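Each chain, letter by letter, is given below.
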Amino acid sequence: AVTPSAPSIDNGQSITLTANPSGGTGSYSYAWYSGLSATCSSDTTTLGTASTQTVSPTSNAYYCYKVTDSASTPESQTSATDLVTVNPVLAAGAITPSAPSIDSGQSVTLTSHASGGTPSLSYSWYTGAACTAPIAGQTGPTYAASPTVTTTYYYKVTDSALSPVSQCSAGDTVTVGTVITAGAIIPSAPSIDSGQSVVLTANPSGG
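To start, this report covers the structure provided alongside it. (Residues numbered from 1 in each chain as written. Predicted model: local features only at pLDDT ≥ 70, side-chain atom pairs only at ≥ 80, totals over all residues. Heavy atoms only, no water.)

Some words on the sheet that holds strand S3 (residues 15-19)
Read from one edge of the open sheet, 3 strands run S1-S3-S6, paired in antiparallel fashion. Only two strands of the sheet have a single partner each, and these edge strands are strand S1 (2-3) and strand S6 (52-55). Here S1 pairs with S3 via 2 bridges, running antiparallel. For threonine 3, the partnering residue across the bridge sits in S3 and is threonine 18. (Pairing = 2+ DSSP bridges. Helix = DSSP H or I, 4+ residues; strand = E, 2+ residues; numbered from the N terminus.)

Below, the structure is given as structure tokens:
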């Protein structure tokens, strides 16, 4: 068989496939093939002649090899095909909502928007400079942020490719205002004559 078996990679990655023959006489010689068929005899694209083959497919492809021994009358056997699945490039999209503002004491749910990559995806959330200060225990695609001061958040997404890929998102700054206060109405306790009017003015602060 070819190893690794049925691997998944992201577009742009490469993978080294290894032949695993047994038996026969003397040393082996190899011929690798690729194509779109699950049957090796139908895959006619010829590749290398070593026991390993490094490939960088841009779409799903089958690979197999023919091995020949060194007997006086050489014998050949063809392996089963090995499907390499190719997934889109992993991207860490923007966090939503973008640049939200909250009052001190409030929270806001930040949502990641990752795309592509090899499922399944895992997440971690960060503050400070891009993806350098992890927030303990925050490993989901969303994060309920409750900052007390204006803070920038990021997330890192990692896929499950044979060689996992990670991407860090752009930062999303949550602006924190002071608690809103409904100040006193002015003028305070005014007196007027019947038929007069008075302009009352609100005096809120914070928020």
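Here's the deal with a nonpolar patch on the surface
Among the surface-exposed residues, Ile185, Ile192, Val198 and Leu200 lie close enough to one another that they form a single nonpolar patch of about 350 Å² accessible area. Relative to the elements of secondary structure, isoleucine 185 occurs in strand S19 (residues 181-186). (Patch = residues over 30% accessible without salt bridge, like charges linked within 9 Å, V, L, I, M, F, W, Y side chains within 5 Å. Areas by Shrake-Rupley, 256 points an atom, 1.4 Å probe, with all protein chains shown as cover. Salt bridge = Lys/Arg side-chain N within 4 Å of Asp/Glu carboxyl O.)

Brief notes about the nonpolar core
Core analysis: the biggest nonpolar cluster contains 16 residues, and Leu110, Trp125, Tyr143 and Tyr153 have the highest contact counts within it. When residues in this core are grouped by element, the largest group, 3 residues, is from strand S16 (residues 151-158). The contacts of tyrosine 153, once residues within four sequence positions are left out, are Ile95, Leu110, Tyr126, Thr127, Ile135, Tyr143, Ala145, Pro147, Ala170, Gly171, Asp172 and Val174. Ranked by size, the runner-up nonpolar core spans 14 residues in total, among them Val2, Tyr30, Val55 and Tyr63. (Core = buried A, V, L, I, M, F, W, Y, C linked by side-chain atoms within 4.5 Å. Buried < 20%, exposed > 50% of the residue type's maximum accessible area, 1.4 Å probe, protein only. Contact = heavy atoms within 4.5 Å.)

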